[in-house]
Amino acid sequence: LQNNDFLRNTVHRHEPPVTAQPIQILVENDEVVVVDKPSSLPVHPCGRFRHNTVIFILGKEHDLKELHTIHRLDRMTSGVLMFAKTTAVSKRIDEQVRERQLEKEYVCRVVGEFPEHEVVCEEPILVVSYKVGVCRVDPKGKSCQTIFQRLSYNGRSSVVRCLPRTGRTHQIRVHLQYLGHPILNDPIYNMEAWGPDRGKGGKIDKTDEELLKALVEEHRSKQSLDVLGISEEDLISNAENEDCGNSSDCTKSARADPVNESSCPAEDTKDPEGDARDPERDHTAACPRNSDGNLETLEKTEEFGSCKNQDGQTGEKGWEEKDPLCVECRITRRDPSPEELVMYLHALRYKGVGFEYCSKMPEWAREDWEE
């Protein structure tokens, strides 16, 4: 390298699919921006997500930039999400969070007939894997409390109001699973991998490692690894690492987690209910990139704005480039339906000193709703 040399690096990414539902702005003033977050969108860039995030979309589509995150919602959770416009406002609300002056109300739709009386769950919660975002009830976990009240029952599933008094990782979802009424379409806590009782009463006849592998395999078979924030490439690279043994030519073998660093960091697999700042698909008609890395040919193709797809047909600009070294480029998956990108957990209301923000009840929370 010489002084003044110019280096260019092209990054090849596959962003998981998200819903096309727009982000609705509930309140915007000099202090805060409050939105109704759709399900499937992470709050900020993490893991494989860059463009399809709330922060990025608010900046690009609404020119709302330099926002301060006050609290987070899990990627699959929808509902009220607040951002501060200034550091002073952020610190003020953070203080309310630390003093537990922030009241939160969620609604969800759960399996079966939830008890009519108020249910208080105080089981401690332990994080099994930050990378995959999996927790369970365990005596060694952190203390927490959630209050549940049934709102309606349609003969098969119940709508439940949830009042988390603490903000542990996946608190509402884990407590509902423990009570035997997991969220109807929860892609983690209502899976066969937990056993015949789906984790009811904390009964899990697997080690943490076995549980994680079972969850990964179940989603892999359903072509829904995106839900766990991991890709086929992660699994293949891990398998190669495990096959390496102790060879000095190989990287260190993978740990108990089925994935390495490519999934979202812990803060985004954090609780949809978290009250503080706690610490893959593409289309076959993509344009193949020259395997010899001929940049000049690639630039000419880009200049003309079209390329030939696998069938030899010429497409309009907007084609997707294929990388012969990319595992994801060689995998074709079906597009998920909008229903598959929604989990029935919604942040309905946030209330603090001097403010209260609410969103509308989601459609799936109607008393007469049927799946």
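Residues numbered from 1 in each chain as written. Predicted model: local features only at pLDDT ≥ 70, side-chain atom pairs only at ≥ 80, totals over all residues. Heavy atoms only, no water.

Convention followed: UniProt positions are given in the numbering used here, feature names are shortened, and annotations may be inferred rather than shown by experiment.
Per an unreviewed UniProt entry, the chain goes by Pseudouridine synthase and derives from Aegotheles bennettii. Check the Sequence similarities (unreviewed entry) section of the UniProt entry for the chain; it says "Belongs to the pseudouridine synthase RluA family."

1. Points about the overall build of the chain
Going by this rule: For helices the rule is a DSSP run of H or I covering at least 4 residues; for strands it is a run of E covering at least 2, with both sets numbered from the N terminus onward. When accessible area is computed with a 1.4 Å probe and restricted to protein chains, residues below 20% of their type maximum are described as buried, those above 50% as exposed, and intermediate ones as partly exposed. The method behind every accessible area is Shrake-Rupley, applied with a 1.4 Å probe, and residues are considered shielded solely by the protein chains displayed.
When its secondary structure is counted, the chain shows 6 helices and 16 strands. Within the chain, the proportion of its 371 residues that are buried is 49%. Accessible area for the chain stands at about 19,400 Å²; split by element, carbon and sulfur atoms hold 46% of it.

2. Comments concerning the packing of aromatic side chains
Basically, it comes down to this: Two aromatic rings from Phe, Tyr or Trp, using only the six-membered ring of Trp, form a pair when their centres are within 6.5 Å; if the ring planes differ by under 30 degrees the pair is stacked, by over 60 it is edge-to-face, and anything between is tilted.
Under the defined criterion, the tally for this structure stands at 6 aromatic pairs. Here Tyr 344 and Trp 369 contribute two aromatic rings whose centre-to-centre distance is 5.3 Å and whose plane-to-plane angle is 80 degrees, an arrangement assigned as edge-to-face. Of this pair, Tyr 344 sits in the loop between strand S14 (321-322) and strand S15 (345-352) while Trp 369 sits in the segment after strand S16 (355-358), placing them 25 residues apart in sequence. For Tyr 344, a relative accessible area of 8% gives the class buried. Here the aromatic rings of Phe 355 and Tyr 357 are separated by 5.4 Å at their centres, their planes lie at 20 degrees, and the arrangement is stacked. Across the pair, exposure class does not vary: Phe 355 and Tyr 357 are buried alike. In textbook terms, an aromatic cluster arises when at least three aromatic residues are bridged by ring pairs, as seen for Tyr 344, Trp 364 and Trp 369.

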